[in-house]
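Chain residues, written in single-letter form:
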Amino acid sequence: MTSAPAELPRKAGDLRAAGHLPRSIKAEIRDNLLQELRAGRDPWPGIVGFTRTVIPQLERALLAGHDVVLLGERGQGKTRLLRTLVGLLDEWAPVIDGAEIPEHPLDPITPESKRRAAELGDDLPVRWIHRSERYAEKLATPDTSVGDLIGDVDPVKVAEGRSLGDPETIHFGLVPRAHRGIVAINELPDLAERIQVALLNVMEERDIQVRGYTLRLPLDVLLVATANPEDYTNRGRIITPLKDRFGAEVRTHYPLDIDAEVDVIRQEAELTAEVGEPLLEVLARFVRHLRESTAIDQRSGVSARFAVAAAETIAAAALRRSAITGEEPAVARPVDLEAVPAVLRGKLEFEPGEEGREIELLEYLLRRSVADTARERFAGLDLTPLAHAVADGNLVTTGERVPGRDVLAALPELPVLHDVAARAGVEPDDSSGRIAAAIELALEMLYLSKRVAKDADDDTTVYGA
């Protein structure tokens, strides 16, 4: 992280002379969000598929100054969306240098900082912190304590001679340390009820109660949280008073169309080999079929991370095949899809009664996804010449040990092959691996429509009569 610009004021007096005024975190976010909207800029970089649904609701909540709960199944981008809130903060914010929590130099709130401000006056030292330091995130777990979130007595300070009744013996927890910032709590229902009560007190009463005494602190935080609908509504593990304190509940969702699903995969996946758009479409359709399947526990959901992991898996399969065959560059082909079911079935929750059928179900839905993608890509294209060529004895063998050039060499020169490549987004002078990927997709479509036969074993697949 770069240091704060040198020209920024370094003392409270200079800050006051510059006309700087304290501003609440919610007013700061509101002003910056309005500035982005008026300028026509996107305040939510990297967020895909929420433009007309989730984003308008969240923006209205922030403009209203509400604390927010994002409600949705796993893998819907809730945490990523919360992290983008950092971009709505001022890039640099002044704090009292040496203070335990990030207090504004012109508006101290702890007894120690008030005493220092009174003693030093305009010479109170100022430090500037980057907006990334004003976002605190906590994964709620059953063992989270009041001390973690709110604070506890610091035995070291007591040992130094302070009494237990001295407010300065408190070691502040995450929420007070996020003063003038954003506190994000993931999986809020997993907090024990007594911890939720402590959080309620901070949100509503703005005081901290530790070990029997109260320290009144006008904390200024934006509290945002995520929750799974099953936890939030069925098990009822968010106490009613706490739910009432959140001004807005925003429902998230999985991508609503194939293009958005592909965009998420392309953005999030770290691919070690080239994966073309047709195969990403296959994975996008695969995930959507899984979300519609009665054999999958839809209460758990099918995370977008499943599709991302699937893309990374077929890229790794292509890279391995490239190393074995010596073909460069490494390009994923439909044959690499075979690695997906066995590797990723553990990421899904199946309904009772489906034991032993998991791989069979995944393979079936994957074949459907390939067929749907091929029909969409090759709609209106007459593949009869390719089917006849294969039926006339031009057997096409593919597999993890078969390079793309061998797939092409098995077929005669056919004009339809150029059309197939074009429909798959492949240029005529592209590598043999890219062209072979398009042809394999067409052959798989012909097989699924029963126009050619397929003989498969562990190492190879042969398309023929």
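Just so it is clear, the structure is predicted and the values come from calculations on it, not from any experiment.

For the protein chain, the count of helices and strands is 20 helices and 14 strands. For 465 residues, the compact-globule estimate of 2.2 N^0.38 gives 23 Å, and the C-alpha radius of gyration of the protein chain, at 29 Å, exceeds that figure by more than 25%. On the principal axes, the C-alpha backbone points of the protein chain span a range of 95 × 55 × 40 Å. The buried share of the protein chain, taken over its 465 residues, is 52%. Here the contacts in the protein chain between residues at least 6 apart in sequence split such that 74% fall between residues at least 24 apart. Accessible surface for the protein chain amounts to roughly 21,500 Å². Of this, 48% is attributable to carbon and sulfur atoms. Here the protein chain holds 57 positive side-chain charges and 79 negative ones, and the gap between their average locations is 4 Å.

In this description, an aromatic ring pair is defined by two values, namely the gap between the centres and the angle between the planes. All chains considered together, the criterion is met by one aromatic pair. Looking at R291, its charged tip hangs above the ring of Y254, at a distance of 3.8 Å from the centre.

What follows covers the confidence of the model for the protein chain. Detailed conclusions should not be drawn from predicted coordinates in areas where pLDDT is low. Per-residue confidence for the protein chain gives a mean pLDDT of 89, with 92% of residues at or over 70. In the predicted structure, residues 232-236 sits below a pLDDT of 50 and forms 10 contacts with residues beyond four places in sequence or in another chain.

It is worth spelling out helix α12 (residues 258-268) at this point. Within α12, burial applies to I258, A260, E261, V262, V264 and I265. Looking at the buried positions of α12, the neighbouring elements they touch are α13 (277-292) and α14 (304-325).

Here the focus is the sheet that holds strand β12 (residues 396-399). Across the sheet, which stays open at both edges, the three strands sit in the order β12-β14-β13 with antiparallel pairing between neighbours. Of all strands in the sheet, those bounded by a partner on one side alone are β12 and β13 (453-456). Between one strand axis and the next, the sheet turns through 20° on average, direction left out of account. One ladder, built from four bridges, connects β13 with strand β14 (residues 460-464); its direction is antiparallel. Note on β14: the bridge partner recorded for A456 is T461.

What follows concerns the sheet that holds strand β11 (residues 248-251). With respect to topology, five strands assemble into an open sheet ordered β4-β7-β10-β1-β11, the strand pairing being parallel. Each edge of the open sheet carries a strand with a single partner, namely β4 (135-139) and β11. Ignoring strand direction, the axes of neighbouring strands in this sheet form an average angle of 20°. Strand direction decides the pairing type here: β4 and strand β7 (residues 181-186), joined by five bridges, are parallel.

Helix-helix packing is described using two parameters, namely the angle between the two axes and the distance between the axes. With their axes 9 Å apart at the nearest point, α12 and α13 run at an angle of 110° to one another. Between α12 and α13, the angle falls in the class roughly perpendicular. In this structure, α12 crosses over α13, and the sense of that crossing is right-handed. Between α12 and α13, the contacting residues are I258, E261, V262, I265 and R266 on the first element and E277, L280, E281, L283, A284, R285, V287, R288 and R291 on the second. Residue composition of the contact of α12 with α13, by class: seven nonpolar, no polar and seven charged.

Bringing the pairing of strand β3 (residues 126-130) into the picture now. Counting buried residues in β3 gives four out of five residues, a clear majority hidden from the surface. Two strands pair when backbone bridges link them, and strand β2 (residues 92-96) and β3 are joined in this way by five bridges, in the antiparallel orientation. Bridge assignment links V95 to a residue of β3, and that residue is R127.

Moving on, we get to the environment of L120. With respect to the element layout, L120 can be found in helix α5 (residues 111-120). Judged by relative accessible area, which is 38%, L120 ranks as partly exposed. Separated by 122 residues in sequence, L120 and L242 place their C-alpha atoms 40 Å apart.

Following both chains from N to C, one finds α13 and helix α16 (residues 358-377) inclined at 130°, their axes separated by 8 Å at the closest point. In terms of axis orientation, α13 runs oblique to α16. Considering how the two elements wind past one another, α13 and α16 form a crossing that is right-handed. On α16, the residues touching E277, P278, E281, V282, R285, F286, H289 and L290 of α13 are L362, L365, L366, R368, S369, V370, D372, T373, E376 and R377. In the contact of α13 with α16, the residues fall into eight nonpolar, three polar and seven charged.

The end-to-end C-alpha distance of α13 is 23 Å, a good match for the 22 Å that 16 residues give at a rise of 1.5 Å each. In terms of residue burial, α13 counts as a mostly covered element, since 13 of its 16 residues are buried.

Below, the discussion takes up the environment of E28. Here E28 shows up in helix α2 (residues 25-38). The residues contacting E28, other than those within four sequence positions of it, are R23, L88, L89, D90 and R134. Here D90 takes part through its backbone nitrogen, which lies 2.7 Å from a polar atom of the side chain of E28.

With that settled, the discussion passes to the pattern of salt bridges. On inspection of all chains with the given rule, the structure shows 26 salt bridges. A salt bridge links R127 to D97; the shortest N-O distance between them is 3.7 Å. Pair noted here: R127 is in strand β3 and D97 is in the loop between β2 and α5, with a separation of 30 residues, a long-range link. Residue class for R127 comes out partly exposed when judged on its relative accessible area of 36%. Close ionic contact of E277 with R266 constitutes a salt bridge, the shortest N to O distance being 2.9 Å.

Calculation rules
Residues numbered from 1 in each chain as written. Predicted model: local features only at pLDDT ≥ 70, side-chain atom pairs only at ≥ 80, totals over all residues. Heavy atoms only, no water. Helix = DSSP H or I, 4+ residues; strand = E, 2+ residues; numbered from the N terminus. Rg over C-alpha atoms; globule rule 2.2 N^0.38 Å. Buried < 20%, exposed > 50% of the residue type's maximum accessible area, 1.4 Å probe, protein only. Contact = heavy atoms within 4.5 Å. Areas by Shrake-Rupley, 256 points an atom, 1.4 Å probe, with all protein chains shown as cover. Lys, Arg positive; Asp, Glu negative; His and termini not counted. Charge placed at Lys NZ, Arg CZ, Asp CG, Glu CD. Phe/Tyr/Trp six-rings, centres within 6.5 Å; stacked < 30°, edge-to-face > 60°. Lys NZ or Arg CZ within 6 Å of the ring centre and 35° of its normal. pLDDT = per-residue confidence, 0-100. Pairing = 2+ DSSP bridges. Axes fitted to C-alpha atoms, helices over the stretch in contact; angles between N-to-C directions. Parallel < 35°, antiparallel > 145°, perpendicular 65-115°, else oblique. Left-handed = near helix turned anticlockwise from the far one by under 90°. Nonpolar A, V, L, I, M, F, W, Y, C, P; charged D, E, K, R; others polar. Expected span 1.5 Å × (residues − 1). Polar contact = N/O pair within 3.5 Å; in protein donor to acceptor, adjacent residues only side chain to side chain. Salt bridge = Lys/Arg side-chain N within 4 Å of Asp/Glu carboxyl O.

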